[in-house]
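Inside the fold
Read off the chains here:
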Amino acid sequence: MKTLVIGAGVIGVSTAWALCEAGHKVTLVDAREAPGRGASYANGAQISVSHPQPWSSPKAPLIALESLGREDGPFRWRPSLDTAQWCWLTTFLRECLPARHERNARAIALLARHSLQVLRRWREALGLEYDVQTRGILHLFFTPRDWETGRRHEAELREMGITVRAISPAEAVEIEPALAPVAAKLCGALYAPEDESGDARRFCEEMVERLRQAGAEVLFETRWSGWRLGKGGCEAARFEGPAGTFELTADAIVVCAGVDSPRLLAPLGMEAPIYPVKGYSLTAPILAPERAPTVSLTDESKRIVCSRLGNRLRIAGTAEIAGYDDSVRPERIAPLRRWAESMLPGVADLEAAEAWAGLRPMTPGGVPLIGRSPMANVWVNTGHGSLGWTLACGSAQALVARLDGKTPPGLEAFPFVG
């Protein structure tokens, strides 16, 4: 089949490669100048199978209330007159109900476990290099209440088939010596040894190289501008590129356009419940390699993550609902800087850090949209929120299986669309 993929973030490049593997003739298109320049550019860098719980949890409304009025809080909502924002928030609150939260977490866990296996296979087969670390993730708890929640999560994760174990502060320091300065503040940790971390942007760049080597056509600075619809489905996609306006035809089209996906899908009769949730990060050169962590860290009390990417340190976190504004607000970056100064003093050059903000394509329940659109030959693989890097490879393989009328073994219970 001749297949067109729209979007060259981590979801799009993974989808394009899975299609190539399956024998499709692939064209990959993106509006930006290079791959991985949207939400994949400077995310938290974690392949976090051990964190399948979506943001829509029973505790989420309380967390949001506690953050109201705090510019530096872990969550910030900037109300607007945007109807889509209010509709999304209303649905988000419904997904916070315990039964829905548990259902969504189980769906994400199924996909995350599958995705990690696909990533490892591709990495070995293709010789991918993207500053990968395979020493796991340490989830850190700094208050007794949070640690009590962490212990409950250990049992839940084990029940979902995820490898994780509760450990003492001393054991955490043994696994990651960089934590020694804050060991006295730790109440406990969950260690997920099979989790990984790596640079999603570099992964995108590596995958585009492999796609071109495999004969795929890759077009950048090429913006979608509409569809040409016919009785048999979507006959062509219209684009505006450096050489002007043109159309691309394909047997199948896959929309992997992140926060732009609702705009592309609306003319096809699909209301995609995706809204941007802004995340922030700092990427700083490492000054003291011997004291920099090699295990990825998640501060569950502050909701901040930290990953080592070669000679750089990535600190990421916070959630902000502010429409499609992707500007960097200093007051939102400040908590990340303070965290690095207190947790890893002198390890990274924070004065030279690159500050970044990206728009995560979030569904209310955290479960991505994978499957067929109302238009028979248009498919969707989008809405992965903060777990795009974790779920990318498995989502891509699952989408291709669905396109071929199949379901990957182990994903029979996943709620595919269409």
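Presented here is a report on the structure given in the accompanying data block. Quick caveat: nothing in here was measured; it's all calculated off a predicted structure.

1. A word on the sheet that holds strand β10 (residues 223–230)
The antiparallel open sheet is built from three strands, whose spatial order is β10-β11-β12. In the strand order of this sheet, the two ends are held by β10 and β12 (244–248), each with one partner. This sheet shows a mean twist of 25° between the axes of neighbouring strands, independent of strand direction. Bridge count for strand β11 (residues 233–241) against β12 is five bridges, and the pairing is antiparallel. Bridged to Gly241 within β12 is Gly244.

2. Notes on the pattern of salt bridges
Side chains that carry opposite charge are capable of pairing whenever their charged atoms lie near each other. Counting across every chain of the model gives 31 salt bridges. In this structure, Arg135 and Glu176 form a salt bridge, with 3.9 Å as the shortest nitrogen-oxygen distance. Of this pair, Arg135 sits in the loop between α4 (98–126) and β5 (137–141) while Glu176 sits in the loop between α6 (169–175) and β7 (188–192), and the two are 41 residues apart along the sequence. Take Arg135: its relative accessible area is 34%, and that puts it in the partly exposed class.

3. Brief notes about the packing of aromatic side chains
For any two aromatic rings, the description comes down to two numbers: the centre-to-centre distance and the angle of the planes. Across all of its chains, the model carries twelve aromatic pairs by this definition. Through successive ring pairs, a cluster of aromatic residues spans Trp88, Phe92, Tyr275 and Tyr324.

4. A look at the pairing of strand β17 (residues 312–321)
Within β17, ten of the ten residues are buried, leaving the element largely enclosed by the surrounding structure. Examined bridge by bridge, strand β4 (residues 75–77) and β17 share three bridges and lie parallel to one another. Each bridged residue has a counterpart across the sheet, and for Phe75 the counterpart in β17 is Ala319. Where strand β14 (residues 275–285) meets β17, seven bridges bridge the pair, whose relative direction is antiparallel. Paired with Thr283 across the bridge in β17 is Arg314. Pairing geometry for strand β16 (residues 304–309) and β17, over six bridges, is antiparallel. Looking across to β17, one finds that Val305 is bridged to Ala316. In textbook terms, the turn of a hairpin is the stretch between consecutive antiparallel strands, and for β16 and β17 this stretch comprises two residues, one of which, Gly310, has a positive phi near 65°.

Definitions and limits used
Residues numbered from 1 in each chain as written. Predicted model: local features only at pLDDT ≥ 70, side-chain atom pairs only at ≥ 80, totals over all residues. Heavy atoms only, no water. Pairing = 2+ DSSP bridges. Helix = DSSP H or I, 4+ residues; strand = E, 2+ residues; numbered from the N terminus. Axes fitted to C-alpha atoms, helices over the stretch in contact; angles between N-to-C directions. Salt bridge = Lys/Arg side-chain N within 4 Å of Asp/Glu carboxyl O. Buried < 20%, exposed > 50% of the residue type's maximum accessible area, 1.4 Å probe, protein only. Phe/Tyr/Trp six-rings, centres within 6.5 Å; stacked < 30°, edge-to-face > 60°.

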